[in-house]
Amino acid sequence: MRIRIVDAFTDRPFAGNPAGVLLLDAFAFPDDDRLQNIAMEVNHAETAFAHRLPEGGEADWALRWFTPVTEVAMCGHATLATAHVLHTTGAHKGPVRFATRSGVLIATPGEDGAVTLDFPTAPLTAADVPEGVAEALGARPLTAFDTGPDIGDLLVEVDDERTVHALRPDHKALAGFSERGVIATARAENPALGYDFVSRCFFPNVGIDEDPVTGSAHTALAPYWSQRLGRPVLTGLQASPRSGLVRTEVRGARTLLSGQAVTVIEGDLLV
């Protein structure tokens, strides 16, 4: 199998969020242990596995995502990376429909090289700020929201952008507050820089202390900030050390996520 490492939600290498991408020759996935072992070897936030589906169905490719320690229900950056590989290699032309655990997800290439993902909007439910989360995160949340079963995060807003950048959380302590982890966000201090809000994502429960750029988290961030700022189209900066931009558009029950991607490594899986 060919294996590729793709940096997603960036237009330059060694930024954004790296994902492993494997396009399978078979029309079925190998056993789960093999997929998990490959993802553990790749050792990026997610490794995506995809295989073709028969023509005439509701989707073109089946897609699954694995962190180094577990399979996940939704992943934005590895979906973008997979669509990028399909389009740049000629394996698929035009919009591609992926059959996933989160339903059919559509990825559409743009003339500028960006890919737009059509994902379900995360349902946000206001919650009390859990006791101890301020100490674990290293900042006092202003608000807290549950992001629903597909995302499985606690979304919290903190005072300002500088607070987001300065976070030095206790990752082990954060593990007890949600199924996957914690999203910390704040309004951008200077929108003239090209983004409307900032975030950082900490996912200790799936083996990722800090995710570089998280597409799935933006299905919750986009509706949160769209309501706050009164606009459906926004751009989010994920302020991890690698950093990346996610353009978002809320369309009711669906959220569009757009970004660039760059293939940085390509080779053969030998075992």
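Quick notes on the rules
Residues numbered from 1 in each chain as written. Predicted model: local features only at pLDDT ≥ 70, side-chain atom pairs only at ≥ 80, totals over all residues. Heavy atoms only, no water. Buried < 20%, exposed > 50% of the residue type's maximum accessible area, 1.4 Å probe, protein only. Helix = DSSP H or I, 4+ residues; strand = E, 2+ residues; numbered from the N terminus. Phe/Tyr/Trp six-rings, centres within 6.5 Å; stacked < 30°, edge-to-face > 60°. Lys NZ or Arg CZ within 6 Å of the ring centre and 35° of its normal.

## Observations regarding helix α6 (residues 218-229)
Move 1: Of all the 12 residues making up α6, 10 are buried; the element is thus mostly covered by neighbouring parts of the structure.
Move 2: Once α6 finishes, Gly230 follows within two positions and takes phi at roughly 75°, a positive value.

## Some words on the packing of aromatic side chains
Move 1: Evaluation of the coordinates by the stated rule reveals four aromatic pairs.
Move 2: Geometrically, the ring pair formed by Phe49 and Phe66 is edge-to-face, given 5.8 Å between the ring centres and 85° between the ring planes. Of the two residues, Phe49 sits in strand β3 (residues 46-52) while Phe66 sits in strand β4 (residues 61-66), which places them 17 residues apart along the sequence.
Move 3: Note on Tyr224 and Trp225: the rings are 5.2 Å apart at their centroids and 85° apart in plane angle, and the pair reads as edge-to-face. As far as the burial class goes, Tyr224 and Trp225 line up, both buried.
Move 4: Ring pairing ties together the aromatic residues Phe145, Phe197, Tyr224 and Trp225, which thus form one cluster.
Move 5: In this structure, Arg64 is placed above the aromatic ring of Phe29, and the distance from its NZ or CZ to the ring centre is 5.2 Å.
Move 6: Positioned over the ring face of Phe203 is Arg180, at 4.0 Å from the centre of the ring.

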